[in-house]
Number of protein chains: 2
Amino acid sequence: MDEQLSRKILAAVDEGFEEQIAFTEELIRFPSLRGEEKPAQDFVHKALVERGYDVRTFRIDEDKIRDHPGFSPVAVDYADAVNVVATHQPRAEKGKSLILNGHMDVVPEGPHDMWEVSPPYEPKRVGDWLYGRGGGDMKAGIAANIFALDALRRIGLQPAARVHVQSVVEEECTGNGALACLVEGYTADAAIIPEPEDEMLVRANCGVLWFEVHVAGHPVHVREAGTGANAIEASFRVIESLKRLTADWNGQKANYPYFAELDHPINFNVGKIEGGDWASTVAAWCKVSCRIAIYPGDDPKERAAEIEAHLAHELADDPFLGNRPPQVTWNGFFARGYVLEEGGDAEAALAEAHRRATASELQSFVTPGYLDARVFVIYAGMPCLVYGPITENIHGFDERVSLSSIKRVTGSIALFIADWCGIEPIEAGDG
Amino acid sequence: MDEQLSRKILAAVDEGFEEQIAFTEELIRFPSLRGEEKPAQDFVHKALVERGYDVRTFRIDEDKIRDHPGFSPVAVDYADAVNVVATHQPRAEKGKSLILNGHMDVVPEGPHDMWEVSPPYEPKRVGDWLYGRGGGDMKAGIAANIFALDALRRIGLQPAARVHVQSVVEEECTGNGALACLVEGYTADAAIIPEPEDEMLVRANCGVLWFEVHVAGHPVHVREAGTGANAIEASFRVIESLKRLTADWNGQKANYPYFAELDHPINFNVGKIEGGDWASTVAAWCKVSCRIAIYPGDDPKERAAEIEAHLAHELADDPFLGNRPPQVTWNGFFARGYVLEEGGDAEAALAEAHRRATASELQSFVTPGYLDARVFVIYAGMPCLVYGPITENIHGFDERVSLSSIKRVTGSIALFIADWCGIEPIEAGDG
């Protein structure tokens with residue numbers, strides 16, 4: 001790509017940037033928590049229709065994906081779980097096709113009084129930061145995908161290859177949203193997901209398992225506390241046991257390329273707990289929601305069986321749990337990790353686009369978190385480039401995304417599209 | 001009391017027993033959980049009016065009791081928190097006056113699938129047992145109070161002294177119900193509370209403190225778990241610290257008459273926990289509802305301050321809690337323990353009644369649980385006899401009370417009334 005076109009594209013990104021951030025703010029205003037993504041998805045559907053794309057919104061059909069090896073168990077109703085996919089068809093297919101993917105679901109914002117800059121769903125710009133739940137993870141990325149294409153359009157150009165813009169759900173709990181898109185038949189020569197990755201390319205990530213541990217027993221009046229096992233305290237012993245398993249798994253990191261260098265690749269998290277009914281009653285039940293990572297190449301089924309066997313073995317002699325083993329339910333992520341093999345065309349194209357947009361070299365890194373990229377890489381053999389803006393506090397209070405970083409990343413994506421897909425002038429009647 | 005009258009009274013208890021158990025079953029059918037006692041109280045009000053008593057139902061007025069030294073902090077709305085007090089006035093005050101007290105509130109029943117014999121609010125008789133939440137603790141006792149008086153009436157007698165039948169609320173969380181009755185001016189020469197005490201007399205009990213510990217911090221995505229302190233795990237450290245305090249307090253038992261012989265007089269309980277929002281987010285907050293006992297003579301204020309100082313001291317160097325000390329809220333019981341001094345008239349009268357009704361000697365014991373008796377003993381200088389039927393699993397699943405024991409206890413109470421208050425024949429126009 002010549003230097004002049006490159007500069008023209010970046011200038012077009014700059015020109016549309018205020019509109020892009022306003023759009024991002026609109027997205028943040030939707031509290032698109034799990035099960036409540038539909039209004040935000042409808043908003044994106046409309047925005048894509050207005051741009052002339054062929055847009056399709058479809059519900060995740062559990063029956064269609066249940067037997068796919070990438071499926072994760074579903075603990076909620078999918079009645080309102082819809083994906084949006086916009087398709088651009090060029091006049092003549094000259095370049096390579098592309099999927100621009102992002103997820104609309106956000107994680108719960110927690111107690112509002114812990115948000116110090118602005119309430120979670122009221123976006124606010126302060127200096128270079130845009131605050132709001134889901135701003136970085138990843139509504140800025142969804143907007144970047146759309147506005148990268150808009151930038152080309154602003155200078156009379158469009159991709160000379162098929163492009164799908166996807167806004168999916170379920171990235172924060174199962175990955176079934178991206179999976180459903182794949183099962184619907186959407187594939188391409190590459191995919192980009194602008195997740196909050198500090199302007200670096202994700203080389204590899206962990207898989208993730210979600211599970212709930214349910215401890216239940218017979219409560220008594222606290223005056224007889226010695227005779228009743230407290231389910232809350234028993235849950236603590238379950239957690240301690242799982243932390244020992246986590247240490248074991250971290251000890252295996254040398255067997256996994258890219259992960260040996262990480263300090264602590266396998267993170268275990270107890271994210272939610274609920275138990276007992278009354279301060280003066282020995283707790284009869286306790287439920288703990290857990291998340292643990294697995295290495296790329298690990299089979300979720302085998303690792304899940306290992307967790308169950310570990311708990312059964314370690315807790316066999318527990319005074320309470322020995323008689324009433326904790327029940328483990330797999331209620332979300334049951335997902336493999338992936339490795340993006342080095343040296344592919346797509347990566348080379350992104351490196352060049354990044355160099356032009358940011359005047360720096362593209363770095364790659366390994367992240368111990370889940371990414372929908374595993375769907376594209378493992379089950380469609382596609383290169384998937386996870387690369388997005390600088391953020392802080394994703395999943396936390398005062399989540400924020402860097403405005404200047406959003407602009408750089410949008411520029412990179414726009415340049416990548418032009419290079420990867422090729423370009424053709426827009427003519428009257430192009431959609 | 002002559003043997004013949006004694007036998008006549010016991011026969012009258014026997015005669016009314018089927019009706020008494022049907023009445024107890026009606027009470028069990030009301031899920032009179034905290035804040036939901038009113039329908040059950042209305043039912044009792046009506047039953048007492050039908051018997052001709054002067055009955056008064058009144059709301060607990062927080063403003064009237066707040067400055068009383070026996071007051072416990074209130075965390076809920078008292079709009080529907082009503083006490084019922086029925087008053088019997090004799091034609092001529094010949095004997096000693098009496099309060100027959102019981103509490104209508106029950107503790108939460110927990111998951112229904114853990115109830116194996118019958119759903120919690122569907123009473124069921126199996127052999128000598130009557131099953132149901134609150135049957136033993138203490139709807140059988142409320143019914144025993146009422147039907148002991150009914151037994152006298154059945155043979156044409158009534159107490160020759162003022163008697164109040166009280167059905168109170170808030171016994172399971174603050175003790176403010178009994179306290180409100182006292183503040184309204186209800187006192188007498190003695191009180192009986194037929195709590196589930198295995199047909200023994202309570203010699204002394206513990207005071208109780210309730211508190212909630214709230215831990216809050218800054219969450220992060222679990223991929224950065226090392227940098228975010230998990231509030232759920234931090235709560236476990238709070239609980240471990242409180243268990244060390246409990247061990248210290250148990251070590252002080254030799255200083256307290258009646259408590260040195262108990263194996264473990266000070267029980268600490270974590271009865272309820274709630275924390276975090278999402279499996280893949282490091283938990284930002286966690287709330288733990290706790291209960292701990294104190295010795296009779298201990299000042300709740302001093303013991304509460306000791307708990308706060310203990311946590312502040314022990315957790316000062318905690319990696320998470322050191323910077324963000326847990327917040328302790330006193331949200332219920334703030335109640336002293338009591339000792340029933342040995343050798344009083346009321347105890348002697350109960351011992352005699354018990355001997356006649358059960359053909360065995362009255363035993364006394366020390367219990368490490370809260371009792372409303374502290375209100376009568378400490379703040380009104382009244383002897384209060386806590387003495388009630390044999391039960392199992394109070395506060396647990398399949399709570400049950402012994403039918404034959406209810407009958408024996410009702411007989412004891414009827415004989416006690418006849419002896420303590422004296423008797424007079426009922427005449428036309430007596431209420």
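Here the structure is a predicted model, which means the values were calculated and not measured.

K.L.:
How do you make sense of the overall build of chain A when you look at a structure like this?
P.N.:
For chain A, the count of helices and strands is 11 helices and 19 strands. Rg of the C-alpha trace for chain A: 23 Å, near the compact-globule value of 22 Å for 431 residues, within the 12% margin. Taking all 431 residues of chain A together, 62% fall into the buried category. Excluding contacts between residues fewer than 6 apart, the proportion of contacts in chain A whose partners are at least 24 apart in sequence is 84%. A total of about 15200 Å² of accessible surface is found on chain A, and carbon and sulfur atoms cover 48% of it.

K.L.:
Would you mind going over the pattern of salt bridges with me for this structure?
P.N.:
Here the idea is simple: oppositely charged side chains can pair when their charged atoms come close. Residue and element names in this part refer to chain B. One pass over the structure, following the stated rule, counts 60 salt bridges over all chains. Among the ionic pairs, Lys407 bridges to Asp14, the shortest N-O distance being 2.5 Å. Of this pair, Lys407 sits in helix α11 (residues 403–420) while Asp14 sits in helix α1 (residues 3–15); the two residues are 393 residues apart in sequence, bridging distant segments of the chain. A residue is classified by how much of its surface remains accessible, and Lys407, at 31% relative accessible area, is partly exposed. A relative accessible area of 41% means that Asp14 is categorised as partly exposed. The residue Glu424 makes a salt bridge to Arg91 at a minimum N-O spacing of 4.0 Å. Highlighted residues: Glu424 in strand β19 (residues 423–425) and Arg91 in the loop between β2 (82–88) and β3 (98–103), separated in sequence by 333 residues. Overall, the relative accessible area of 2% leaves Glu424 in the buried class.

K.L.:
What is the right way to look at the interface of chain A and chain B in this model?
P.N.:
Interface size, as often reported, equals the accessible area lost upon joining of the parts. Across the contact, 58 residues belong to chain A and 58 residues belong to chain B. Viewed at the interface, chain B and chain A are joined by two salt bridges. Where chain A meets chain B, there are 22 residue pairs in polar contact (both at pLDDT 80 or more). Among the elements of the structure, β10 (207–216), α7 (231–250), β11 (268–275) and β12 (285–294) of chain A are those that each provide at least two residues to the side of chain A that touches chain B. Ranked by residues supplied to the side of chain A that touches chain B, first place goes to β11(A) with seven residues. Grouping the constituent residues of the side of chain A that touches chain B by class yields 29 nonpolar, 17 polar and 12 charged.

K.L.:
Would you take a moment to explain the packing of helix α2 (residues 17–29) of chain B against α11(B) for this structure?
P.N.:
The axes of two packed helices give the description: the angle between them and the distance between them. Residue and element names in this part refer to chain B. Contact pair α2 / α11: the axes reach a minimum separation of 11 Å and the direction vectors enclose 110°. Taken together, α2 and α11 sit at an angle that is classed as roughly perpendicular. Note on packing geometry: the crossing formed by α2 with α11 is right-handed. On α11, the residues touching Phe17, Gln20 and Ile21 of α2 are Leu403, Ile406, Lys407 and Thr410. Its residues assigned to classes, the contact of α2 with α11 shows four nonpolar, two polar and one charged.

K.L.:
Which parts of the structure should I look at to understand the side chain of A:Glu424?
P.N.:
Residues and elements named next belong to chain A. A distance of 2.7 Å separates a polar atom in the side chain of Glu424 from the backbone nitrogen of Arg91. Looking at Glu424, its side chain comes within polar contact range of the side chain of Gln158, at 2.7 Å. What Glu424 contacts, discounting residues up to four positions off in sequence, is Pro90, Arg91, Ala92, Lys94, Gly156, Leu157, Gln158, Pro159 and Ala160.

K.L.:
For this particular structure, what's the right way to read the domain arrangement of chain A?
P.N.:
Residue and element names in this part refer to chain A. Per the domain assignment, the segments of chain A are domain 1 (3–205 + 337–425) and domain 2 (207–335). Listed per partner, the contact involves 22 residues of domain 1 and 18 residues of domain 2. For the domain 1 and domain 2 pair, buried surface summed over both sides reaches about 1500 Å², with 64% attributable to carbon and sulfur atoms. Applying the counting rule to domain 1 against domain 2 returns zero salt bridges. In this assembly, domain 1 and domain 2 are joined by four residue pairs in polar contact (both at pLDDT 80 or more). With three residues, strand β9 (residues 201–205) is the single largest residue contributor to the side of domain 1 that touches domain 2. Class assignment for the residues of the side of domain 1 that touches domain 2 results in 10 nonpolar, six polar and six charged.

K.L.:
Hey, could you run me through the sheet that holds strand β4 (residues 124–126) of chain A in this one?
P.N.:
Note on sheets: strands pair through backbone hydrogen bonds, and any given pair is parallel or antiparallel. Residue and element names in this part refer to chain A. Strand order across the open sheet formed by four strands is β4-β5-β18-β17, with antiparallel pairing between neighbours. A single partner strand is all that each edge strand has here, and the edge strands are β4 and β17 (391–392). Packed on one face of the sheet, helix α2 (residues 17–29) meets β4 and β5 (129–131) and runs near 25° to β5.

K.L.:
I would appreciate a short explanation of the confidence of the model for chain A in the present structure.
P.N.:
As a general rule, the predicted coordinates of low-pLDDT regions are not to be interpreted in detail. Summing up the model confidence of chain A, the mean pLDDT is 95 and the portion of residues at 70 or higher is 97%. With pTM at 0.92, the complex prediction returns an ipTM value of 0.91.

K.L.:
Honestly, the packing of aromatic side chains in this entry has me stumped. Any pointers?
P.N.:
How two aromatic rings sit relative to each other is given by the distance of their centres and the angle of their planes. Counting across every chain of the model gives 25 aromatic pairs over all chains. Taking 6.4 Å as the distance between ring centres and 75° as the angle between the ring planes, the aromatic pair formed by B:Trp115 and B:Phe397 counts as edge-to-face. One end of the pair, B:Trp115, is in the loop between β3 and β4 (124–126); the other, B:Phe397, is in the loop between β17 (391–392) and β18 (400–402), and 282 residues separate them in sequence. Taken as a pair, B:Trp115 and B:Phe397 share a single burial class, namely buried. Site record: aromatic cluster; members linked through ring pairs are A:Phe23, A:Phe30, A:Phe43 and A:Phe147. One Lys or Arg, B:Arg51, reaches over the ring of B:Phe23 and ends 5.8 Å from the middle of that ring.

K.L.:
What's the story with the environment of B:Val282 in this structure? I'm lost.
P.N.:
Summarising the element assignment, B:Val282 is placed in the loop between β11 (268–275) and β12 (285–294). Spatially, the C-alpha atoms of B:Val282 and B:Gly217 are 9.7 Å apart, while their sequence positions differ by 65 residues.

K.L.:
Help me understand the relation of the copies chain A and chain B in this model?
P.N.:
Look at the two chain copies: a rotation about an axis and a shift along it is all it takes to match them. When chain A is fitted to chain B, the best match, at an RMSD of 0.0 Å, comes from turning it 180° and sliding it 0.0 Å along the axis. Put plainly, the chains are arranged around a two-fold axis. Among all C-alpha atoms of chain A, that of A:Glu274 lies closest to the rotation axis, at 2.3 Å. Taken as a fraction of all interface residues of chain A, those also at the interface in chain B reach 100%, which identifies the copy contact as same-surface.

K.L.:
Honestly, the packing of helix α1 (residues 3–15) of chain A against helix α11 (residues 403–421) of chain A in this entry has me stumped. Any pointers?
P.N.:
Residues and elements named next belong to chain A. Between α1 and α11, whose axes approach to 9 Å, the crossing angle comes to 135°. On the basis of their axis angle, the class for α1 and α11 is oblique. Handedness of the crossing formed by α1 with α11: right-handed. Here Ser6, Ile9, Leu10, Val13 and Asp14 of α1 come into contact with α11, specifically with Lys407, Thr410, Gly411, Ala414, Leu415 and Ala418. Of the residues assigned to the contact of α1 with α11, the class counts are six nonpolar, three polar and two charged.

K.L.:
Sorry if this is basic, but what is going on with helix α8 (residues 300–314) of chain A here?
P.N.:
Every α-helix carries 3.6 residues per turn, so stepping three or four residues along brings you back to the same face. Residues and elements named next belong to chain A. Taking 1.5 Å as the rise per residue, α8 with 15 residues should run 21 Å; its terminal C-alpha atoms sit 21 Å apart, in good agreement. All of the buried residues along α8 are Pro300, Arg303, Ala304, Ile307, His310 and Leu311. Taken down its axis, α8 places every buried residue within 120° of arc, on the same side. Pointing more than 90 degrees away from the buried face of α8 are the exposed residues Lys301, Glu302, Ala312 and His313. Elements in contact with the buried residues of α8: β10, α7, β12, β13 (327–329) and β14 (334–335).

K.L.:
It is not clear to me how the nonpolar core should be interpreted in this structure. Could you clarify?
P.N.:
Core analysis: the biggest nonpolar cluster contains 93 residues, and B:Leu48, B:Leu98, B:Leu100, B:Phe416 and B:Ile417 have the highest contact counts within it. Tallying contributions element by element places helix α5 (residues 135–154) of chain B first for this core, with 10 residues. Residue assignment places this core across two domains, with domain 1 (3–205 + 337–425) and domain 2 (207–335) of chain B each supplying three or more. One finds A:Leu179, A:Tyr338, A:Phe376 and A:Met382 within the second-largest nonpolar core, a separate group that totals 92 residues.

K.L.:
How should the state of the cysteines be read in this particular structure?
P.N.:
Each disulfide is one covalent bond, formed between the sulfur atoms of two cysteines. All names here are of chain B. Applying the stated criterion across every chain, the model contains zero disulfides over all chains. Distance from the sulfur of Cys421, which forms no disulfide, to the nearest cysteine sulfur (Cys384) is 14 Å. Accessibility expressed as a relative area gives 0% for Cys421, which makes it buried.

Conventions used here
Residues numbered from 1 in each chain as written. Chains lettered and ligands numbered in written order. Predicted model: local features only at pLDDT ≥ 70, side-chain atom pairs only at ≥ 80, totals over all residues. Heavy atoms only, no water. Helix = DSSP H or I, 4+ residues; strand = E, 2+ residues; numbered from the N terminus. Rg over C-alpha atoms; globule rule 2.2 N^0.38 Å. Buried < 20%, exposed > 50% of the residue type's maximum accessible area, 1.4 Å probe, protein only. Contact = heavy atoms within 4.5 Å. Areas by Shrake-Rupley, 256 points an atom, 1.4 Å probe, with all protein chains shown as cover. Salt bridge = Lys/Arg side-chain N within 4 Å of Asp/Glu carboxyl O. Polar contact = N/O pair within 3.5 Å; in protein donor to acceptor, adjacent residues only side chain to side chain. Nonpolar A, V, L, I, M, F, W, Y, C, P; charged D, E, K, R; others polar. Axes fitted to C-alpha atoms, helices over the stretch in contact; angles between N-to-C directions. Parallel < 35°, antiparallel > 145°, perpendicular 65-115°, else oblique. Left-handed = near helix turned anticlockwise from the far one by under 90°. Domains from an automatic or database assignment. Buried area = accessible area lost by both parts, 1.4 Å probe. Pairing = 2+ DSSP bridges. pLDDT = per-residue confidence, 0-100. Phe/Tyr/Trp six-rings, centres within 6.5 Å; stacked < 30°, edge-to-face > 60°. Lys NZ or Arg CZ within 6 Å of the ring centre and 35° of its normal. Least-squares fit on C-alpha atoms with pLDDT ≥ 70 in both. Expected span 1.5 Å × (residues − 1). Arc of directions from axis to C-beta. Core = buried A, V, L, I, M, F, W, Y, C linked by side-chain atoms within 4.5 Å. Disulfide = S-S within 2.5 Å.

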